[in-house]
Amino acid sequence: MTELIYTRDYVELSQLAADNMYRTVTENPQAVLVLATGGSPQLAYRLFCEQVIRDGVDLSGVTFVKLDEWLGLSADDEATCEVFLRREILEPLGIPEKQFLHFDPEAPDAQAACDRFQAAYDALPQVDLVILGIGKNGHLGLNEPGENLVCNTHIIPLSQKTKTHEMLTHTSTQVTHGITMGMADLFRGKEVLLLATGGEKAHLLPLLTNQQITTQVPFTLLKMHPNCACIVDRSSFCNETYN
Ligand code: PGA
């Protein structure tokens, strides 16, 4: 990683991430942000929204991009990344559809949805900030561990671990596949912010700090990104006690 930042807890991690998002959209009113969903960024998004609303920041030129999605759920299913981003970002900030780049979780032809999304993403002039969490198995978006990773947006079978993701506890539908932006898409970000927080991930800490890169732990590839900061929540990510 270009930079590893240790925070006392989830709140401090979230504030740093929110500050980074705020800086991005105030420095560039045409900014493009790629947004993960899940527990890792949730509080950061809430703090970001509070700051933007408090200061009356004009976001009319900003584009928000959905990183990934569970395949086969209806778009209004509570478990979707779609509902998450609408609830946490789009609705509080009054962001219109034209500023939201996403794939439809219930598109009849998922591959066509990937292709449409990719064409629109490729047409963006630049990507300023990519916000990512780390999966319990080290995945990035839904780029799952394996012998190979994929460059662009694609459909992917979920690992056993990912099928137990907390978001999926909110649906009765059995989800077996996801759609995710690929590794090259993520590397397009001028800046990448990796949020290391949440339970059952402490075993991944050595892979954050050592020199190794492996497709079996996809987030390790971010060590090759020229501007990737990782914020580590000591309280959940490190086995040690923070003093
Ligand atoms: P989480 O999920 O932020 O809810 O821990 C991260 C992920 O699975 O990518």
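To be clear, the structure that these remarks concern was listed above.
Note that the structure is a prediction, hence the values are computed from the model and not measured. (Residues numbered from 1 in each chain as written. Predicted model: local features only at pLDDT ≥ 70, side-chain atom pairs only at ≥ 80, totals over all residues. Heavy atoms only, no water.)

A. Looking closely at the packing of aromatic side chains. Summed over all chains, the structure comprises three aromatic pairs. Ring plane angle 70 degrees and centroid distance 6.3 Å describe the contact between Tyr 45 and Phe 84, whose orientation is recorded as edge-to-face. Here Tyr 45, found in helix H2 (residues 39-55), pairs with Phe 84, found in helix H3 (residues 81-93); they are 39 residues apart in sequence, far enough to count as distant. Here Tyr 45 matches Phe 84 in class, with each residue buried. Here Phe 117 and Tyr 121 contribute two aromatic rings whose centre-to-centre distance is 6.0 Å and whose plane-to-plane angle is 10 degrees, an arrangement assigned as stacked. Taken together, the residues Phe 117 and Tyr 121, both in helix H4 (residues 110-122) and four residues apart, mark about one turn of the helix. (Phe/Tyr/Trp six-rings, centres within 6.5 Å; stacked < 30°, edge-to-face > 60°. Helix = DSSP H or I, 4+ residues; strand = E, 2+ residues; numbered from the N terminus. Buried < 20%, exposed > 50% of the residue type's maximum accessible area, 1.4 Å probe, protein only.)

B. Main features of the environment of Leu 35. One can find Leu 35 in strand E2 (residues 32-35). On the basis of relative accessibility, which here comes to 1%, the residue Leu 35 falls in the buried class. Along the chain, Leu 35 and Thr 7 lie 28 residues apart, while their C-alpha atoms are 21 Å from each other.

C. The arrangement of the sheet that holds strand E5 (residues 100-101) in detail. An order of E1-E10-E9-E6-E2-E3-E5 is seen for the seven strands of this open sheet, with the pairing classed as parallel. Looking at the sheet topology across the chains shown, the edges are occupied by strand E1 (3-7) and E5. Pairing of E2 with strand E3 (residues 63-66), which is carried by four bridges, proceeds in the parallel orientation. Directly across from Leu 33, in E3, lies its bridge partner Phe 64. Sitting on the sheet, helix H1 (residues 10-27) touches E1, E2, strand E6 (127-133), strand E9 (189-196) and strand E10 (228-233), and the angle it makes with E9 is about 165 degrees. (Pairing = 2+ DSSP bridges. Contact = heavy atoms within 4.5 Å. Axes fitted to C-alpha atoms, helices over the stretch in contact; angles between N-to-C directions.)

D. Expanded view of the sheet that holds strand E8 (residues 177-180). One open sheet holds the three strands; their spatial order is E4-E8-E7, and the pairing between them is antiparallel. Bordering the open sheet on either side are strand E4 (68-70) and strand E7 (154-157), each of which pairs with just one other strand. Strand after strand, the sheet turns through a mean of 25 degrees between neighbouring axes, direction not considered. Sitting on the sheet, H4 is in contact with E7 and E8, with an inclination near 130 degrees to E7.

E. Seen up close, the environment of Thr 169. Within the fold, Thr 169 resides in the loop between E7 and E8. Once the C-alpha coordinates of Thr 169 and Glu 78 are considered, the two residues, 91 residues apart in sequence, prove to be 9.7 Å apart.

F. Quick peek at the pattern of salt bridges. For the structure on display, the rule yields ten salt bridges. The shortest N-O distance in the salt bridge between Glu 88 and Arg 87 comes to 3.0 Å. Judged by its relative accessible area of 3%, Glu 88 falls in the buried class. A salt bridge links Glu 200 to Lys 161, with the nearest nitrogen and oxygen atoms 3.3 Å apart. Here Glu 200 is found in the loop between E9 and helix H6 (205-209), whereas its partner Lys 161 is found in the loop between E7 and E8, with 39 residues between them in sequence. What you see here is one network of salt bridges that share partners, running through Lys 66, Glu 69, Glu 82, Arg 86 and Glu 97. (Salt bridge = Lys/Arg side-chain N within 4 Å of Asp/Glu carboxyl O.)

G. Seen up close, the site of the ligand. In the region of the ligand, the neighbouring residues are Gly 38, Gly 39, Ser 40, Ile 134, Gly 135, His 139, His 165 and Lys 201. In the model, an oxygen atom of the ligand is placed 2.9 Å from a nitrogen or oxygen of the Gly 39 main chain. One of the side-chain N or O atoms of His 139 is found 2.8 Å from an oxygen atom in the ligand. Taking 280 Å² as the accessible area of the ligand by itself, protein coverage stands at 84%. When grouped by side-chain class, the residues that make up the shell around the ligand number one nonpolar, six polar and one charged. (Near = heavy atom within 4 Å. Polar contact = N/O pair within 3.5 Å; in protein donor to acceptor, adjacent residues only side chain to side chain. Areas by Shrake-Rupley, 256 points an atom, 1.4 Å probe, with all protein chains shown as cover. Nonpolar A, V, L, I, M, F, W, Y, C, P; charged D, E, K, R; others polar.)

H. Layout of H2. With 17 residues, H2 should reach 24 Å at 1.5 Å per residue; the first-to-last C-alpha distance of 26 Å fits that figure. Considered for burial, the residues of H2 that qualify are Ser 40, Pro 41, Ala 44, Tyr 45, Leu 47, Phe 48, Cys 49, Gln 51 and Val 52. On its buried side, H2 packs onto H1, E2, E3, H3, E6 and E9. Phi turns positive one or two residues past the end of H2, at Gly 56, with a value near 60 degrees. (Expected span 1.5 Å × (residues − 1).)

I. Layout of H3. Given a rise of 1.5 Å per residue, 13 residues ought to cover 18 Å, and the 17 Å separating the end C-alpha atoms of H3 matches this to within 8%. Among the residues of H3, Cys 81, Glu 82, Val 83, Phe 84, Leu 85, Glu 88, Ile 89, Leu 90 and Leu 93 are the ones counted as buried. Where H3 is buried, its residues contact H1, E2, H2, E3, E4 and E5. Looking one or two residues past H3, Gly 94 carries a phi angle of roughly 60 degrees, positive in sign.

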